[in-house]
Amino acid sequence: IGGDAFDVQFSGEAFSSELLDAHDGSYKVCYESTECGAFKASVTFDGTQIRELDIIVNAGPASPATSTITGLTDTCAVSEAAVTPFTVELKDAYGCRVDSSAGGLALFASGPMQVDAMDLTHESTGTYGGSLLLDVAGTYKVSVVSGTEYIISPFCVEVCEGSSVIFDGQSAAIFYEDDLIN
């Protein structure tokens, strides 16, 4: 018993699989995918399809190695007293977006001014956002955590001196006509 000509093919290109023959008439397929989503698996015997299966590959846990934050990473990307939006994208080890975080997702910032845990807002699959307002210039250590685990490892953000006037969220200056006449 065993040694039959079974084969399994997957609709996605990012699959690797191994067909295991137990030599007792039973077979087992082990597969791995670097893509998330819905796929089809086609089981054939001697080249003839005998069954088609729906396969759903879900994302694994968020990985600090592949998760990213944008909007806070450039030097002097943040000005004091200006609201700075940022986006966190959670991905698993294979780059699949992670839709939720079991322990909640929060940003922490410490430096010249302490920012307590700031909960992030779910925007779309694997994407979370927030806005940061720091009133004091200097270097801040920023991190994103889920429960007690770092999702975005601590990194430094330089908050540059701002201006006394903010217009539409941007630094601005006021000029009076009398100041322009010599």
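Basis of the calculations
- Residues numbered from 1 in each chain as written.
- Predicted model: local features only at pLDDT ≥ 70, side-chain atom pairs only at ≥ 80, totals over all residues.
- Heavy atoms only, no water.
- Helix = DSSP H or I, 4+ residues; strand = E, 2+ residues; numbered from the N terminus.
- Contact = heavy atoms within 4.5 Å.
- Areas by Shrake-Rupley, 256 points an atom, 1.4 Å probe, with all protein chains shown as cover.
- Buried < 20%, exposed > 50% of the residue type's maximum accessible area, 1.4 Å probe, protein only.
- Phe/Tyr/Trp six-rings, centres within 6.5 Å; stacked < 30°, edge-to-face > 60°.
- Pairing = 2+ DSSP bridges.
- Axes fitted to C-alpha atoms, helices over the stretch in contact; angles between N-to-C directions.
- Salt bridge = Lys/Arg side-chain N within 4 Å of Asp/Glu carboxyl O.

Re the overall build of the protein
Scanning the protein for helices and strands turns up one helix and 16 strands. By sequence separation, contacts in the protein at least 24 residues apart represent 53% of the contacts at least 6 residues apart. Taken as a whole, the protein presents about 11,200 Å² of accessible surface, with 50% of it coming from carbon and sulfur.

Focus: the environment of S17
Mapped onto the elements of the fold, S17 is located in strand β2 (residues 15-21). Looking at S17, the relative accessible area reads 43%, which means it is partly exposed. In the structure, S17 is positioned 16 residues away from S33 in sequence and 8.8 Å away in space, judged by C-alpha atoms. When residues no more than four places from it in sequence are discounted, the contact partners of S17 are V8, F10, V29, C30 and Y31.

Observations regarding the packing of aromatic side chains
Here the structure, examined in full by the defined rule, presents six aromatic pairs. With centroids separated by 4.7 Å and ring planes inclined at 55 degrees, the aromatic side chains of F6 and Y27 adopt a geometry described as tilted. Here the residue F6 occupies a position in strand β1 (residues 6-10), and Y27 occupies one in strand β3 (residues 27-33), the gap between them amounting to 21 residues. With centroids separated by 5.1 Å and ring planes inclined at 45 degrees, the aromatic side chains of F10 and Y31 adopt a geometry described as tilted. Taken together, the positions of F10 in strand β1 and Y31 in strand β3 put the pair 21 residues apart, joining distant regions of the chain. Members of the aromatic cluster, connected to one another through ring pairs, are F10, F15, Y31 and F39.

Structural notes on the sheet that holds β1
Taking strand neighbours across the sheet as the criterion, the three strands line up as β1-β4-β5 in an open arrangement whose pairing is antiparallel. Taken across any chain shown, the strands that pair with only one partner, and hence form the sheet edges, are β1 and β5 (48-57). Taking each pair of neighbouring strands and ignoring which way they run, the sheet shows an average axis angle of 20 degrees. Note that strand β4 (residues 37-45) and β5 share nine bridges and pair antiparallel. Each residue of the ladder has a partner; that of F39, found in β5, is I55.

So, the pattern of salt bridges
Evaluated as defined, the whole model comprises three salt bridges. Residue E89 is joined to K91 by a salt bridge in which the shortest nitrogen-to-oxygen separation is 3.3 Å. Relative accessible area serves as the criterion here: at 18%, E89 is assigned to the buried category. Among the residues examined, K91 registers a relative accessible area of 22% and is labelled partly exposed. Among the salt bridges present, the one from E89 reaches R97, with a minimum N-O distance of 2.6 Å. Judged by its relative accessible area of 40%, R97 falls in the partly exposed class. One salt-bridge network, held together by shared partners, links E89, K91 and R97.

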